[in-house]
Amino acid sequence: GRTVGELPDRQATYGKILYKKEFLDDGVLTLYKAPRSFTGENVAEICCHGGVLLTEKVLESALLCGAVPAGAGDFSKRAFLNGKITLSEAEAVIDLINAESEVQLRIAGENSTGALGRRVQEIYEALCRLLASMYAFTDYPDEDLTDLSPKELGAELLNIRKKLENLTAGYRQGHAVMEGLKTVIVGRPNTGKSSLLNGILGKDRAIVSPVAGTTRDTVEEKVRLGGQMLRLCDTAGIRDARDSVEKIGVDRAVAAAERASLSLVVLDGSVPLTGTEERIFALAQQAEHSLLLVNKSDLPRQAELAGLADRFDGVCFVCARTGEGVEQIGRLVQALYPQAVRTDGALLTNTRQAEAVGRALAAVDRAQGALSAALTPDAILTDAEEALAALGELTGKSIREDLVATIFSRFCVGK
């Protein structure tokens, strides 16, 4: 007998759900009156019994009453536009949804509660104070209103630059954690790379054959190992290619190894080294970390391993056929990339954020250069304003409408 608007705020109310004025189901409605809701608008949540058809009919009833379907990221977008969350907090929501490891969940959780925004705001406010002082000087040069000498101005710009550098330095770690470590499996043909990929994944993902050179292309999968999410890439065996197709596969293997953060070098321990492995070792060691995996540990060892251990961050004896040694690989990965990620409160996690901070850093560098060259204050002001605008894009203080649409298109419907 009451309208929804008459119901108490933030309190569950039991009642009947009607479809074209006929009883459909009983359920619970919770009303969140503006501005005390996620979006800052009036929000009503209806809980009904489960079932595909039933929930479809409840939704259809709402649409018949004038509701419209939510688009991708509509709720988070409305929350941002209504000033309930910053843009970096909104991006953290999608990171929370997509989290596949505990460390991803923790970083996304910190950013969703404003950890990144607070660090950026600190730099933003420092720039604002600096600009306010310089505006006072340029607008009233004869009044001596500025409270910063050139030396103090340089010190303040240097302090801002250091803080921006710290944010940029954290991007590599943050991006690797949130997107997954780029991990490549490399080795000569027929050493068991594809079998090892299948063993780590726990399923047959790559074709395995005793014929050398079966893998002609890269095969990529995500897998959680050692507490980390790995973007695992199996590659063609590296050797002098026998034909043009194999050469393409080898070239792609080399390219994947050059981009990797972690290299897993697979060695067939049951046959002697040929000397051709040196090229693979050198390639793998371009990565931040590399592990040597000596495969076919169930067979008599023929490979001479003396001196190799010193060239890698760890050595593990495995049997890709039986899965033996996979847990040890996980322990080595965990030792190299411990879950206790030092965030100092926040990490940049995507390319858009890193690009914005990079532009702010470049603008501060230009401002420092203008100050050192004793240029007029307006030249320094222009660069400082550019830095401020770039930081504004990070949190959404200043952001293009088309970019907002692109960011929220990554969300699923209902978030």
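Keep in mind it's a predicted model, so treat the numbers as computed, not measured. (Residues numbered from 1 in each chain as written. Predicted model: local features only at pLDDT ≥ 70, side-chain atom pairs only at ≥ 80, totals over all residues. Heavy atoms only, no water.)

Sorry, what's going on with the overall build of the protein here?
Assigned secondary structure in the protein consists of 13 helices and 9 strands. A burial count over the protein gives 44% of its 415 residues as buried. Pairs at least 24 apart in sequence give 66% of the contacts found in the protein among residues at least 6 apart. (Helix = DSSP H or I, 4+ residues; strand = E, 2+ residues; numbered from the N terminus. Buried < 20%, exposed > 50% of the residue type's maximum accessible area, 1.4 Å probe, protein only. Contact = heavy atoms within 4.5 Å.)

Please clarify how helix α4 (residues 102-112) should be interpreted in this entry.
Along an α-helix, residues three or four positions apart point the same way, because every turn accommodates 3.6 residues. Of all the positions in α4, only Val103, Gln104, Ile107, Ala108 and Asn111 are classed as buried. Looking straight down α4, one finds that the buried residues subtend no more than 130° of arc, so they occupy a single side. One or two residues past the end of α4 sits Gly114, with phi positive at roughly 95°. (Arc of directions from axis to C-beta.)

Got a minute to help me understand the pattern of salt bridges in this structure?
Opposite charge on two side chains permits pairing when their charged atoms draw close. With the rule as written, the count across this model stands at 16 salt bridges. Put simply, Lys163 and Glu122 hold a salt bridge, and the shortest N to O gap is 2.6 Å. With Lys163 in helix α6 (residues 150-179) and Glu122 in helix α5 (residues 115-139), this residue pair connects regions lying 41 residues apart in the sequence. Given a relative accessible area of 24%, Lys163 falls into the partly exposed group. By relative accessible area, which is 41% here, Glu122 ends up partly exposed. Here Glu277 makes a salt bridge to Arg188, at a shortest N to O gap of 2.9 Å. Of this pair, Glu277 sits in helix α9 (residues 277-284) while Arg188 sits in the loop between β4 (181-186) and α7 (193-201), placing them 89 residues apart in sequence. (Salt bridge = Lys/Arg side-chain N within 4 Å of Asp/Glu carboxyl O.)

Would you mind going over the nonpolar core with me for this structure?
Generally speaking, a soluble globular protein has its nonpolar side chains buried in company with each other. Of all hydrophobic cores here, the largest spans 35 residues; its most connected members are Leu127, Leu130, Ile160, Leu164, Leu167, Leu348 and Leu391. Those elements giving two or more residues to this core turn out to be α5, α6, α11 (351-372) and α12 (377-395). Of all the elements, α5 adds the most residues to this core, at 10 residues. When residues no more than four places from it in sequence are discounted, the contact partners of Leu127 are Ile160, Ala384, Ala387, Leu388 and Leu391. Ile185, Leu201, Leu264 and Leu293 belong to the second largest nonpolar core, which has 26 residues in total. (Core = buried A, V, L, I, M, F, W, Y, C linked by side-chain atoms within 4.5 Å.)

Would you take a moment to explain empty space enclosed by the protein for this structure?
Rolled over the atoms, a probe sized like a water molecule indicates the empty space that remains. The tally for this structure, following the rule as stated, stands at 1 cavity of 30 Å³ or more. Quantified by volume, the largest cavity comes out at close to 40 Å³. (1 Å grid on protein atoms, 1.4 Å probe; cavity = no way out; pocket = protein on both sides within 12 Å on 5 of 7 lines; lining within 4 Å. Points joined across faces, edges and corners; volume = space filled by probe spheres on them.)

Please clarify how the layout of surface pockets should be interpreted in this entry.
By volume, the largest pocket is sized at about 1800 Å³. Taken together, 48 residues make up the lining of the largest pocket; nearest its centre are Leu29, Ala44, Glu45, Ile46 and Ala62. Contributing elements (two or more residues each) for the lining of the largest pocket: β1 (12-19), β2 (22-32), β3 (43-47), α1 (52-64) and α2 (74-81). Tallying contributions element by element places α1 first for the lining of the largest pocket, with 7 residues. Looking at side-chain class alone, the lining of the largest pocket contains 26 nonpolar, 13 polar and 9 charged residues. (Nonpolar A, V, L, I, M, F, W, Y, C, P; charged D, E, K, R; others polar.)

Coordinates in, geometry out; function isn't part of it.
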